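# Chains, contacts and geometry: an overview
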Amino acid sequence: MKLDKHFVRNLEIPFSKVMPHGGLKELQELFNISMHTPRQVLAGTWTNEEIVKAALKTVTDQRDFLNRFLAQFPKEAPTQNGRSQHLQKPVQTGG
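Model, not experiment: these values are computed from the prediction.

Within the largest apolar cluster, twelve residues are counted, these being Leu3, Val8, Phe15, Met19, Leu27, Val41, Leu42, Ile51, Val52, Ala54, Ala55 and Val59. Examining the composition of this core, we find that five residues originate from one element, helix α5 (residues 49–70), more than from any other. With sequence-adjacent residues up to four places away left out, valine 41 is seen in contact with Val8, Trp46, Asn48, Ile51 and Val52.

Here you go:
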């Protein structure tokens, strides 16, 4: 798969929505480049497959970390609308 600017630009969910805090700085330091470069690459303005692969690894590592975090909590049975009870908004009662 070619991870060029056209591919990145056409992602349904862009990198900007999933990169963890500090992710761009991490890429900047990893490749010894300006902060502008990873921003442009991950926005699909420029092509740099190595930066895209590194960003994808950052997102994957973050996902794995979050999955490990969430595994610490007991699983709750989903309710009718598919959301766990602890995610439901409190029911307002008249009074």
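Per the counting criterion, the structure on display carries four salt bridges. Note that arginine 63 and aspartate 64 form a salt bridge whose closest N and O atoms lie 3.1 Å from each other.

One non-glycine residue, asparagine 32, adopts positive backbone phi at about 55°. Examined against the element boundaries, asparagine 32 turns out to sit in the loop between α3 (23–31) and α4 (36–42).

Together, Phe69, Leu70 and Phe73 make up an exposed nonpolar region whose accessible area comes to about 310 Å². Within the secondary structure, phenylalanine 73 is located in the segment after α5.

Our next topic: the packing of aromatic side chains. Tallied over the full model, the rule gives one aromatic pair. Judged by centre distance (5.2 Å) and plane angle (65°), the rings of phenylalanine 69 and phenylalanine 73 are edge-to-face. The exposure class of phenylalanine 69 is partly exposed, given its relative accessible area of 41%. We classify phenylalanine 73 as partly exposed; its relative accessible area is 45%.

What counts and how
- Residues numbered from 1 in each chain as written.
- Predicted model: local features only at pLDDT ≥ 70, side-chain atom pairs only at ≥ 80, totals over all residues.
- Heavy atoms only, no water.
- Core = buried A, V, L, I, M, F, W, Y, C linked by side-chain atoms within 4.5 Å.
- Buried < 20%, exposed > 50% of the residue type's maximum accessible area, 1.4 Å probe, protein only.
- Helix = DSSP H or I, 4+ residues; strand = E, 2+ residues; numbered from the N terminus.
- Contact = heavy atoms within 4.5 Å.
- Salt bridge = Lys/Arg side-chain N within 4 Å of Asp/Glu carboxyl O.
- Patch = residues over 30% accessible without salt bridge, like charges linked within 9 Å, V, L, I, M, F, W, Y side chains within 5 Å.
- Areas by Shrake-Rupley, 256 points an atom, 1.4 Å probe, with all protein chains shown as cover.
- Phe/Tyr/Trp six-rings, centres within 6.5 Å; stacked < 30°, edge-to-face > 60°.

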